[in-house]
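# Residue-level structure breakdown
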Amino acid sequence: MTLWQDDAARDLVRNAGPRLAMLTRGEGSYLWDEKGTRHLDFLAGIAVTSLGHAHPVFVDAVSRQAATLAHVSNYFATPPQLALAARIKRLAGAGASGRVYFGNSGAEANEAAFKLARLHGGADRPRILALENAFHGRTIGSLALTAKVQMRAPFEPLPGGVEHIPATIEALEAALDDRVAALFVEPIQGEAGVVELPEGYLEAARALTLKHGALLIIDEIQTGAGRTGEWFGFTSSGITPDAITLAKGIGGGIPIGALLTYGAASDLFTPGSHGSTFGGNPLATAVADAVLAEIENAGLVENAAARGAQLRETILALDSPLVEGVRGRGLLIGVGLAAPVANEVVAAAQERGLIVNAANPSTIRLAPALTIGDAEIAAFRTLFADALAAVAAASALGKATV
Ligand SMILES: *Cc1c(COP(=O)(O)O)cnc(C)c1O
């Protein structure tokens, strides 16, 4: 037993299980632990380090902005904040009427979106719809939008009015009326196990929410910033939402969250109605602007699409009895397992120097940096095949198929 496990067990709040490793350094798609062991990182801090670790663009943006201006409060504007707001509006097709609110995390972006829904709904529209299995964050407001009972139960009562409905167009049609303020949706439910919406769902949701005067708010915290092989998970649907929320990958590792509003929804917040001391600070916004610029300039959205397809083919070609199918888009991938052995696969992978994640007991989630190429995919192939084979051999399923 080395010292760090003892320190962690004694000093950190027990809100999560034991830490998997003590990491000390990263470069590109690799991480090193305190023993000097190298790990191939196919999680990227849960879809956060879009450019990989210690990318020169990220390092330069942090260093230059820290040496220039790090924080001033929202009594003031700064050039990086305005540059990032303009870039997000452009990339997400918000047009001239779009507006951006900055926070420091995904949960804060969804808190702002929740308040946006309340401002829109007022007393006449107390209902808010979200989907079964939704994950929108862990603060009290964003937790009210999150479906998972185990996450919610200890913290009841949560803010009222939120109902979780099945992710079908029929269920939405049945649930919507003129007392609904907003519908919250993730284009792909990442935390639930990389689960896609039914074909045509976003288009139908747009038509139905317009019909009933409800806001359509899309949680792009995990799917945004090129992760799915397009700029945002909703991009290919061609719709215009009322708001999207962003975090994770837009910062490439610096904490930041954002709410982007479209059209009339941009008029809902008024002076004094919301705020955050750190939100939109020049350090975080300069880094996020540099990260998004690099994603644009280096063609990383296209790379995510191409490498995602390559990765899917690679996984299916392993022909493992444990792999039932591959879900997701671009570089947000869920490997469906034929048995609830995701934790065993994660452990076997880690022993071999590969970091992947168990999104649920029968799904391995992959969310590598958007910069991965042939070398990373080849290294992943070897390590993942080996981990799957070890788990298959140890499980009844493996024996049954021999
Ligand atoms: C991660 C995530 C959140 C919460 O973001 P935090 O930064 O952890 O607060 C919300 N929604 C989705 C879809 C996420 O993936």
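Everything that follows concerns the structure shown earlier in this document.
The structure reproduced in this document is the subject of the present report. All figures in this text were calculated on a predicted structure; none of them were measured in a lab. (Residues numbered from 1 in each chain as written. Predicted model: local features only at pLDDT ≥ 70, side-chain atom pairs only at ≥ 80, totals over all residues. Heavy atoms only, no water.)

### Some details on the nonpolar core
- Residues L311, I364, F380 and F384 are the most contacted members of the largest nonpolar core, which totals 83 residues.
- Mapping this core onto the domain boundaries places at least three of its residues in each of domain 1 (3–55 + 299–395) and domain 2 (58–297).
- With sequence-adjacent residues up to four places away left out, F384 is seen in contact with I315, L318, V335, V345, L354 and I364.
- If you look at the next biggest cluster of nonpolar residues, it comprises 23 residues, including A112, A130, A182 and L259. (Core = buried A, V, L, I, M, F, W, Y, C linked by side-chain atoms within 4.5 Å. Buried < 20%, exposed > 50% of the residue type's maximum accessible area, 1.4 Å probe, protein only. Domains from an automatic or database assignment. Contact = heavy atoms within 4.5 Å.)

### Considerations on the site of the ligand
- Taken together, S105, G106, A107, N110, F135, H136, G137, E186, D219, I221, Q222 and K248 make up the full set of residues adjacent to the ligand.
- Contact between the ligand and G106: an oxygen atom at 2.8 Å from a main-chain N or O atom of the residue.
- Within the backbone of F135, one N or O atom sits 3.3 Å away from a nitrogen atom of the ligand.
- If the ligand stood free it would expose 380 Å²; the protein chains cover 82% of that surface. (Near = heavy atom within 4 Å. Polar contact = N/O pair within 3.5 Å; in protein donor to acceptor, adjacent residues only side chain to side chain. Areas by Shrake-Rupley, 256 points an atom, 1.4 Å probe, with all protein chains shown as cover.)

### Some thoughts on the packing of aromatic side chains
- Counting across every chain of the model gives 4 aromatic pairs.
- On the numbers, 4.7 Å between centres and 5° between planes, the contact of F42 with F380 is stacked. Taken together, the residues F42 in the loop between β3 (38–41) and α2 (44–47) and F380 in helix α13 (residues 374–394) connect sequence positions 338 residues apart. In this structure, F42 and F380 share a single accessibility class: buried.
- When the centroid spacing of 6.3 Å and the interplanar angle of 40° are considered together, the rings of W231 and F232 count as tilted.
- For F232, a relative accessible area of 3% translates into the label buried.
- Among the aromatic side chains, those forming a connected cluster through ring pairs are F42, F380 and F384.
- Looking at R25, its charged tip hangs above the ring of W32, at a distance of 4.0 Å from the centre. (Phe/Tyr/Trp six-rings, centres within 6.5 Å; stacked < 30°, edge-to-face > 60°. Helix = DSSP H or I, 4+ residues; strand = E, 2+ residues; numbered from the N terminus. Lys NZ or Arg CZ within 6 Å of the ring centre and 35° of its normal.)

### Re helix α11 (residues 300–317)
- Taking 1.5 Å of rise per residue, 18 residues should cover 26 Å, and α11 covers 25 Å from first to last C-alpha, within 8% of that figure.
- Where α11 is concerned, the buried positions are L300, V301, N303, A304, R307, G308, L311, R312, T314 and I315. Angularly, the buried residues of α11 cover 160° about the axis, an arc narrow enough to put them on a single face. Turned more than 90 degrees off the buried face of α11, the exposed positions are E302, E313 and A317.
- Looking at the packing, one finds that the buried side of α11 touches α10 (282–297), β13 (323–329), β14 (332–337), β17 (363–366) and α13.
- Where α11 terminates, the next one or two residues include D319, which has phi positive at roughly 55°. (Expected span 1.5 Å × (residues − 1). Arc of directions from axis to C-beta.)

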